[in-house]
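# Coordinates in review
The residues making up each chain are set out below.
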Amino acid sequence: MNQAPAKCNMVCQRTMILLRRGTVRNYTFYNYTSGYIHQCLVDGLEYDTKYYYKIDSGDSYREFWFQTPPKINPDIPYKFGIIGDLGQTYNSLSTLEHYMQSGAQAVLFVGDLAYADRYMYNDVGIRWDTWGRFVERSAAYQPWMWSAGNHEIEYMPDMGEVIPFKSYLNRYPTPHLASKSSSPLWYAIRRASAHIIVLSSYSPFVKYTPQWEWLRKELKRVDREKTPWLIVLMHVPIYNSNEAHFMEGESMRAVFEEWFVHYKVDVIFAGHVHAYERSYRISNIHYNVSGGDCYPVADKSAPVYITVGDGGNQEGLAERFRDPQPDYSAFREASYGHSTLEIKNKTHALYHWNRNDDGKKVSTDAFVLHNQHWGSNLRRRKLKKHHLRRVVDWASSF
């Protein structure tokens, strides 16, 4: 591909969008030099509209399409897929194909993309290339909201590579400036009826650090009247009963859990552990090193914690869970799969974890998620009865 700036021709059913020129660059990693990476920002798009876009490069081009999200509305339905620790194996392909059959409109990705750091020298960059081609079948047509995992760090001093997240940041930009973040590794977006906060498990987050200061302000900016669903993504799970990576999320729990409870976060998705686990609503905010109850307790204001690190990477499954199963753990299983969260309205959403079973998608864990803000607010009594009736009738069909 030549180095001419990328051109984006975009067409919707009602409007012709003018030609947009993007930026082009590449980067090096060891002796590998990436292909030209084109980025194009297109604004002024209409809500809930299908756009076709064509990427030109000289005499050749490729055409794709995407659907813009609906306008922000507290009762708008929307379906997210949740994938983590995907890699590029046969199991990864099974997960991706099953997700693409789910009807979800966007992916919440909880870190560990290509697993390129398991290779050396020029093969690191090559594995990023192959992973990009692998996920293109979905990522070229709908948004993937990225969070960074440990396999994106790529600190490899023996190869002269000491800049963390170099490949990841060059290839997968995030809209961090729109949420007043100083780093693309932590940011927030609003989509349909959800406010989604992405945190970085591998960036400083203790008191007074940039990520801590940003999250403190961002949580105050959340408007549950407009976006009642508050979702947090991170890579390292705060609650995890697997022997793999046990207690690695404890430091972030000590810093942020009290905020998650205070602001009534609905659900927190994480990856890292190559298995699936879902908690009840619990917290451990009364414990410190000098006193307090040292065990998690039931807490109606706390989020549900869900680990979805079972996308299919080549490191295999984390099959050793701690015994006995803790009281806070509602469901756990070491199998490959993905999840979906289907928001129905401001009060209810339906969650599914789907296991890859012999090449088939098997719905294994499912529950109705009640919104923390509207479920505990006196104004919920003013909701029209048909909202709840519609969700109950719909859920009973499964």
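As recorded in an unreviewed UniProt entry, the protein chain goes by the name Purple acid phosphatase, listed as coming from Salix koriyanagi. The record held by UniProt for the protein chain lists under Catalytic activity (unreviewed entry) the comment "a phosphate monoester + H2O = an alcohol + phosphate". Here the protein chain is described in UniProt, under the heading Sequence similarities (unreviewed entry), as follows: "Belongs to the metallophosphoesterase superfamily. Purple acid phosphatase family."

### Re the environment of G84
Along the polypeptide, G84 turns up in the loop between β9 (78-83) and α1 (90-100). Under the relative-accessibility criterion, G84 is labelled buried at 0%. Sequence separation between G84 and G309 is 225 residues; the distance between their C-alpha atoms is 4.7 Å. The residues contacting G84, other than those within four sequence positions of it, are F109, V110, G111, V308, G309, D310 and G311.

### Comments concerning the sheet that holds strand β10 (residues 106-109)
One open sheet holds the six strands; their spatial order is β11-β10-β9-β21-β22-β23, and the pairing between them is mixed. Strands with a single pairing partner mark the edges of an open sheet, and in this sheet they are β11 (144-145) and β23 (360-370).

### Some points on the packing of aromatic side chains
What the rule picks out here adds up to 29 aromatic pairs. With a centroid separation of 5.7 Å and 70° between ring planes, the pair formed by F64 and Y141 is classed as edge-to-face. Of this pair, F64 sits in strand β8 (residues 60-67) while Y141 is found in the loop between α2 (122-139) and β11, placing the two residues 77 residues apart along the sequence. F64 gets classed as buried once you look at its relative accessible area, which sits at 9%. On the numbers, 6.1 Å between centres and 80° between planes, the contact of W131 with Y172 is edge-to-face. Here W131, found in helix α2, pairs with Y172, found in the loop between α3 (166-171) and β12 (187-191); they are 41 residues apart in sequence, far enough to count as distant.

### Re the sheet that holds strand β20 (residues 329-333)
Taken together, seven strands build an open sheet; the order of strands is β12-β13-β14-β15-β19-β16-β20 and the sheet is mixed. Sheet topology places β12 and β20 at the edges, where each strand pairs with a single neighbour. Direction aside, neighbouring strands of the sheet carry axes that sit 15° apart on average. One ladder, built from five bridges, connects β12 with strand β13 (residues 194-198); its direction is antiparallel. Within β13, the position partnered with R191 by the bridge is A194. Of the strands in this sheet, β12, β13 and β14 (229-233) are in contact with helix α4 (residues 210-221), which crosses β13 at around 175°.

The rules behind each value
Residues numbered from 1 in each chain as written. Predicted model: local features only at pLDDT ≥ 70, side-chain atom pairs only at ≥ 80, totals over all residues. Heavy atoms only, no water. UniProt positions renumbered as here; feature names shortened; annotations may be inferred. Helix = DSSP H or I, 4+ residues; strand = E, 2+ residues; numbered from the N terminus. Buried < 20%, exposed > 50% of the residue type's maximum accessible area, 1.4 Å probe, protein only. Contact = heavy atoms within 4.5 Å. Pairing = 2+ DSSP bridges. Phe/Tyr/Trp six-rings, centres within 6.5 Å; stacked < 30°, edge-to-face > 60°. Axes fitted to C-alpha atoms, helices over the stretch in contact; angles between N-to-C directions.

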